[in-house]
Every structure is written in C-alpha cells, then in structure tokens.
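Descriptive structure summary
For reference, the chains in residue letters:
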Amino acid sequence: MSTEDQRAPRSLAAALRARDDASLAALLRARPDLITPVPTDLTQLATRAGTRASVVRALERLDRFALQTAEALAVAGDPATYPELLGLMAGDTRDPVVADALPGALAALREQALVWGDESCLRLVRTARELLAPSAQHPSPTGLGPSVREATAGMSPGRIQELVATAGLPSTHDSVSAVGALTTLFTHRKKMTALLASAPADSVDILKRLMWGPPYGQVTADPAARLRWLLDRGLLLPTAPGTVVLPREVALHLREGRAHRTAEPVPPAVEAAATHPPQVVDSTAAGQAYTSLATVEELLKDWHEGGPAVLRAGGLSVRDLKRTAVALDVSEPMAAFWVELAYAAGLLASDGEADERYAATPEYDDWLERPPADRWAQLAQAWLAATRTSGVVGGRDLKERALSALGPGLDRSAAPEVRHRVLTLLAGLPEGAAPDQEAVLARLRWERPLRGPQGRQSPQGQGHQSAQGPQGSQGSQGDDDLRSRLARWTLMEAELLGVTGRGALSAHGRALLGARSATRPAAAVTADARTGQAGPTGPGDKLPAPHRATAAGYPAASLTASLSPPEQAVATAAAARVLAPLLPEPLDHVLLQADLTAVAPGPLRRPLADVLSVLADVESKGGATVYRFTPGSVRRALDAGRSASDLHAFLTEHSRTPVPQPLAYLIDDVARRHGHLRVGAASAYVRCDDDALLNEILADKRAAPLRLRRLAPTVLATQADPATLLDGLRAMGFAPAAESAEGDVLISRAHAHRTPPRTAPEPVPDGPPVPDTTLLTAAIRAIRAGDLAATTPRKPTEDAAPLAPGQLPRTSSAETLATVQAAVLTGEALWIGYVNAEGTASQRVIAPVRVEGGFVTAYDHTADEVRTYPLHRITGVAELADD
C-alpha cells in the first residue's frame, strides 16, 4: 500500500479527525444542528452529520452550483476522482468557467461534511447520495437514469448475452463481465460514436429526446423497428412491462459528458435598473421614514382609548382591519404591515383583560419621547429581525384557517434571512442604483434552489414519457415560492419604511446592515460567485487547487449575513446617527387662514401637535398638513378644560399669520354657548338660567326621543342617561356641558388605555441558532477530549473480551483501586469509564497523582486540567498501549 493510500481517510469520522479546530468550527457554524447537543466524540459527530434530517437541511442551504456538484457526484462512481467529476460538470469541452469554479464548490461541500476524501477518492455521504441518486421512483435532478449495471440487475443472463452479441461485442462467460463489456462500450467515446453512426436516424432522435430526462419512456408490446434497434443493443433497457429507460452511460455520451444541461457556476448578476443621485435617494428615504413614524403614531392614537377586540382565535377581525385601513387612509395589506410592525417593535399588544382588546404598551410612551431618528431605528431593527410576515395576512394555513393580522400562524422563519440578503444585494450596487426586481429574485433562486415549493428540482416532478417523444417539458422553479414572495415584500416594505428611496438603498439603510456595508466604497462591493455574499475581492479569494479542503470564503450559511445582537445594536445606532440630519426639524408654528383652516408646513413639535389635534380636525396630509376648525372641534377643546382666552392666546403664539376674524368669532360663539346648559344626573337633568332657552328645547320636535319634562322654570329632567342627553342636545345644535354632583363643570379628556408591560414577540428561528465563538470553542474542546478517550489504544488483557467502540471498561472495585495505585507509583496514564452525578457516562484518559479517602486526584488529559474523581463512580480502568 502506498503512503498516499495510507494517509487517505477511510471514513467521514477519520476525515473530520484530520481537520483542525478552525475547520471544525466552520462546519459547526454552517450546520448548527450538529452541535445540539454537543457530540461526545468525532465518530458521533460524523454519524449525526450523515442523518437524513441534517443532510436535507445542509443540501437546502447550498447554492445552485454547489448543489449541481453534489448531484454530479451522486451519479458518478463511488468513490469518484476529481477528473471524473470535472468531466461531469464541464463536459468533454472542459468549460473553463466551470473548471475554475469547481474547486470552490467542492471545498464548500467538504467544509459542510457532505463530501470527504481527496481528489483521487471523492465520496458523497451516503444519505446525500440516496437523496440525489437516480432511481425508478425518484429520478435524478440531472435527468439521468440508472447505470447499465443497475438497469440490468434483474435481466436474465441469456438476454444480456444477446445484447452483447448484437452490439458487436464478443460473448463472455458470465453476466458480470457481459455488463462490464457493455459499460465499457457505452463509455468509450469513439466506439460509441461509431455505433450511433450506424443507427437509423429515427432511433437517434428517440435517444436525443430522452437524453435530458425524464429518461423513462413507454413502449408497446410490439415496438417499431426504430425502437427494436435500440432495445436489441441495450441503448434502451426495459425496467418494467411497457417501460424502458435510457442508461446513464448512453445519456452522458449524448450529452458530451455533462451531467447537467446547463451548469451555473456564476450567480446571476444584480444590475441597476435605474440610477438616481444619492442625495435624492437619501432625502426621499428620510421623508418616507418620517411618514412611517407619523403612521405608527396615528395608528396608536386611533387605538388610544383601547383598540379593537381580540378574536377568540387571536388577531384582528377583517372588519377591524378595514376600519384601521380607512383610519390610516391606506390599503388593507398596508394596514396589516403597520399593525404588525408596531407589534414587532413592542409598541402594541393585547391588554389581557376579560374583554381582551389591543392597545398601546407603556413602551409606546417611552418611544414617543425619543428623538425621531431613534424611533425610526427601533422600528427598522424590529422589521429586520421579525419573523412575523404581514404579507400572508388574508391567506390560509395548512388547516385552511384564515390568517389574520396579529393572529397566530404568521411566522416565516426565512423572513429575516431574505430581508438581510435582499438589502445586502442592494448594498452591492453603486450608491443611488435601484435594482431590477426580477434580477434580485433570480439571484435568490440561485443561492437557495431547494427552498422553493418544488423542493428538489424536481425528481418527483419528473415522470415517464413516450419513447416516441416527450409529452411535455420539465417544469422550472416557479416564481411564486415563499422566498420570492418574501423578497418582493422586502422591497416594498423597505420603501414604505424609508430604508430605501426610489428603490435604491439609502445611506441610513446601509448603516442598518452594519458598518462594513455602510462605509466601504460601492466599487469595492462585489457579489462573490462562491459566497453569494457581498465582500471585497482579492488574490486570496480564489481557491487554486481541487484538493484544497478550506473554503473560508464559501460558507453557505453566511448567506444570512445577519449580525449578532451587539453588532446589530451598534449598526442601529449608526443608522440613527446617519438619518438624524436628513429628517426635517419639527416646527413650532402654523399658518392660519381665513377659511377656518391652519396649514402646518412641516412636522410640528409634540406639544403644538397634541393641542392642535384636539382644537382642529385633520383635513389632509402630505408634505403640509391641513387642519380645519369646526364648532365640534372647538367644543372638544373647551370640554378638555381650555377657555376661550386660552385658545386665543395659543393661536396667537403659534401662528405666523394674524388670527383670522372668522376663527376668532367661531371660538367666541362656541364658548359663549358652551356650558350655558348644564346636564347632570337625575337620571339626567338640564338646568339653565334662561327659561326661554329651555322652552325652545321643549318645543323642538327633535327633543321628543329624550322625553324631557320641566321640574322648575330653569330645570328639565329625563329618564335618559347624561351621555345620551349630551349627545342629543349637541345633535340639536346646542353646546351643553356636563357637571358633577357638586355643580362643577366636568372636564372631558381622552382616557389613555395602556396594556401591562409587554415584551416584543420573539422571532421564530430557522433551525438551531448559529453558535457563538465561546460555545464553539468549548464544544470543539469537548469533542476532541471525547475522541481522544475513545480512540486511545489500550493494552489487551488475557481474560477480558475486547470492548466495542464507545463501550466503557468494566473492572471490579479492587482491580480499579489496585490499578490506580500502581499508576500513581509509575506515573502512567490510564483509560477509565466514569459516570457523573447526573448519570452521564464518559470515557477519560487520566494520569493519577494520589489516591486517598475514596477519591483519586489525577491530571485529566481529555479536560486538560487536574480533577478529583470518586472511586465508586469509576466503572473500570484499562492501561494504555505503549505507543
């Protein structure tokens, strides 16, 4: 055996054992499910990496070219050589672009433990091969069928010899050698070309129709001559009555050696569809950011005294969502977005009372006191990390239940990843450049081809076709998959929120992604063909050799591009600093006009805006807000405890124009009549010093439903409650005031309903979280320690049977004590089995230092520290081999 063969790993566990700590950390970071819980040793890690669930998850996170490489290995020999793989990917012409990209794809598969072995012995993990290899039930995504050996497995020896003879090959003494001869013929380019040159043209046409898949076809009991010619020479092989298949070797010859119709080593470029000046983009985004703050405030102000009721199943009713949309003057999908955004930011929740309703949280009051840029940053950060997706509102879940805003079932774990990825692609464009939406969707489909609704592309979607010709073509991945919809929603929501302006990423949007995206020049931002992630390029990015096992620039898991919580907090603060100078300064004045309106030429400071919202009604919004003064709005201000003189002084102080005479007359007229009538509880009564006014009320037909009767010249009474009486008199054009039992005027102010303290909803992660550096370091150390204990050679004993891998040594208490005491004197290391207080068994390599009081103190090689072990918890000991 050669030295190279001795060094080649014989299993995935051996390949993992040869890795350094950095490579193991990259594996555990790319596949975090492998570390939950921490494996006891590398053998268990390799076993877990080969389980079906873990392999499926790893395959789903491959980009299209890496997946094509894995699919090619699934139809190659086991093991395969690098030249064989290169031929399947680049074809006989050896496409240089594919050849240059293949080492990186192979390194990525190695890093994720989907492939192991050197370039002379490449092995795809067994589970991945079972998932991707062709079979009758699940044809390969490559469109290739079974090999000649697989297709002839159930064929009679006589029939195989007939195929060999008809193909012009000498007869053999057994079926195995006959199948080998056919395989050699079909894989020999010159001989196969000569054989097909002698075939009827119609027969070759049938082969060409089947060569890209599906490879199966239907034939009749009496096939035509063109089919008979192919069947007699094994170019089509029967798999079942009436069904034939194109052998893999024949298809590869027709394809000129390519496993795929089109290899896609380079991701689709995301180019600019339009370019705007960066200043225009930033100002547009900043304006929309301020509008988003105003929209959230308006939403929660509308729910100030308690919002809509919570449905029994949770969420908003369709009617309440429509009412909210009308109040915000937006469409229902947009209303659902703003409601969900406020909920994700912790500003909105249910109050938890018996008559459960939605209301603002105490966090909303704190949020209002912060600077506008900080308030926007909180909304943007909540949106970026939220898994709740408003776009699915109005749809149905798997049980055909309607999905409602604020209700259950809206979490989509892929949403944060897609949002980060879309914004990162936008950050890769020059400043001010807006991408084409379809180009962004094509890029995302290249990066995650298995995340669509069809899953694999799609073995299950391939079926049989007539050997006379295809009945249809393979379906391509649809544009309506979840990731595409999430991407479309991301582009729309980013524009609504002000992260983008005119479709281009703003300066504060770049800062929100992290300092790296926000500071480096746009010309230096490229989408690396292997990572699919924006990053600087340089000589070190290229992987020069196919056997290189490191793929530092190619972890598929890096496509999430998300920041850790501390990093995201820094990025959010940076985004607020960038946005702050772009936001308009709040104004402390309005422009009063003679038509009983006031124009706010920009955002108003909070005290002015709060008072004006009580004194006047909002008539129109936009760059300038128009307020209209009405008798009802003035009465509302008087009911809130302000006098006419207070209102005159307020308007004089905050208006850049003189107070118009009609407005002054309106305030004085309403104030003169306000409180002239007093309503109290009798059930209710009306009193007034002017008995003529009371006579007028009694004579009015509109007062009949109130059933008023005179108790005294200045007092009327009714059975209606005070609120109904107040509303009735106001509807008749009067301005009554409510009074207390002591006769004082009651001041009516809006009651601010708040929920108890609530935390924002936690995002639902897409699988196990990516471990941090501290956890990775501890896990790798524990795995190495367990592997050392499991693989350390032990001295054989005469009377003890050999132990199975992972089995703990078993010795009596006396033998354990004697062996440990002897090791203290000689200084030798021992292999022990140990069970801790929780009942967890482990293997350890220790060097005993002393034994006393039923405890052994020893240097633990697996933990790299001195520890003390109770002797009664040691299951057994064994001496280590001399080497």
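Further remarks concern the overall build of the protein. Along its length, the protein carries 35 helices and 28 strands. Burial statistics for the protein: of 883 residues in total, 49% are counted as buried. Counted over contacts in the protein with a minimum sequence separation of 6, partners at least 24 positions apart contribute 68%. A total of about 40,900 Å² of accessible surface is found on the protein, and carbon and sulfur atoms cover 54% of it.

Bringing the packing of aromatic side chains into the picture now. Evaluation of the coordinates by the stated rule reveals 4 aromatic pairs. With a centroid separation of 4.9 Å and an interplanar angle of 70°, the aromatic rings of Y834 and Y869 are classed as edge-to-face. Remark: Y869 occurs in strand β27 (residues 865–870) and Y834 occurs in strand β24 (residues 830–835); sequence separation between them is 35 residues. Across from the ring centre of W367, 5.2 Å away, lies the NZ or CZ of R375, which sits over that ring.

Judged by how many residues are buried, strand β28 (residues 874–879) sits mostly within the fold: 5 of 6 residues are covered. In the sheet, β24 pairs with β28 via 5 bridges, with the strands oriented antiparallel. Along β28, the bridge assignment pairs Y834 with I874.

Turning our attention to the confidence of the model for the protein. When pLDDT is low, close inspection of the predicted coordinates is not appropriate. Residues at a pLDDT of 70 or more form 85% of the protein, whose mean pLDDT is 82. Taking the mean pLDDT of every element in the protein, the minimum, 34, falls on strand β13 (residues 526–527) and the maximum, 95, on helix α19 (residues 332–344). Every residue in residues 1–6 scores below 50 in pLDDT, and together they form 4 contacts with partners more than four places removed in sequence or on other chains. Across residues 452–479, where pLDDT falls below 50, the model places 64 contacts with residues more than four positions away in sequence or in other chains.

As a further point, take the pattern of salt bridges. The final tally for this structure, using the stated rule, is 28 salt bridges. With its nearest N and O atoms 2.9 Å apart, the salt bridge here joins D92 to R189. Residue D92 is located in the loop between α7 (82–90) and α8 (96–111), and its partner R189 is located in helix α13 (residues 189–197); the two are separated by 97 residues in the primary sequence. With relative accessibility at 40%, the residue D92 sits in the partly exposed group. Residue R189 is classed as partly exposed on the basis of its relative accessible area, which comes to 32%. Via salt bridges that share partners, R61, E417, R448 and R483 belong to a single interconnected network.

Once that is clear, we can look at the sheet that holds strand β15 (residues 591–593). Strand order in this open sheet of 4 strands is β15-β16-β18-β17, and the pairing throughout is antiparallel. The sheet is open, and its two borders are formed by β15 and β17 (617–620), each paired with just one other strand. The sheet shows a mean angle of 30° between the axes of neighbouring strands, taken without regard to direction. Examined bridge by bridge, strand β16 (residues 597–600) and strand β18 (residues 625–628) share 4 bridges and lie antiparallel to one another. Directly across from V599, in β18, lies its bridge partner V626.

What follows is about the nonpolar core. Counting 97 residues, the largest nonpolar core has F186, L235 and L236 as its most contacted members. By residue number, the principal contributor to this core is helix α6 (residues 64–75), which donates 8 residues. Setting aside residues up to four positions removed in sequence, L236 forms contacts with I206, L207, L210, L227, L230, L231, V244, V245, L246 and P247.

Tracing the backbone through its elements, the reader meets D33 in the loop between α3 (21–30) and α4 (42–49). Buried and without a salt bridge, D33 has R57 as its closest oppositely charged side chain, separated by 4.5 Å. Not counting residues within four places of it along the chain, the set of residues in contact with D33 comprises R48, S54, R57 and P768.

The side chains of a regular strand alternate between both faces of the sheet. Burial of the side chains of β16 extends over both faces: T597 and V599 are buried on one face and A598 and A600 on the other. In this structure, β15 lies alongside β16, joined through 3 bridges in antiparallel fashion. Across the sheet, residue L592 finds its bridge partner in β16, namely A598. The hairpin formed by β15 and β16 contains 3 residues between the paired strands, and L596 there has a positive phi angle of roughly 65°.

For α13, the set of buried residues is M192, L195 and L196. Across the axial projection of α13, the buried residues extend over an arc of 95°, all falling on one side. Across α13 from its buried face, at more than 90 degrees, point the exposed residues K190 and A197. Residues of α13 that are buried sit in contact with α12 (175–187), α14 (201–210), α15 (225–232) and α16 (248–254).

Rules and cut-offs
Residues numbered from 1 in each chain as written. Predicted model: local features only at pLDDT ≥ 70, side-chain atom pairs only at ≥ 80, totals over all residues. Heavy atoms only, no water. Helix = DSSP H or I, 4+ residues; strand = E, 2+ residues; numbered from the N terminus. Buried < 20%, exposed > 50% of the residue type's maximum accessible area, 1.4 Å probe, protein only. Contact = heavy atoms within 4.5 Å. Areas by Shrake-Rupley, 256 points an atom, 1.4 Å probe, with all protein chains shown as cover. Phe/Tyr/Trp six-rings, centres within 6.5 Å; stacked < 30°, edge-to-face > 60°. Lys NZ or Arg CZ within 6 Å of the ring centre and 35° of its normal. Pairing = 2+ DSSP bridges. pLDDT = per-residue confidence, 0-100. Salt bridge = Lys/Arg side-chain N within 4 Å of Asp/Glu carboxyl O. Axes fitted to C-alpha atoms, helices over the stretch in contact; angles between N-to-C directions. Core = buried A, V, L, I, M, F, W, Y, C linked by side-chain atoms within 4.5 Å. Lys, Arg positive; Asp, Glu negative; His and termini not counted. Arc of directions from axis to C-beta.

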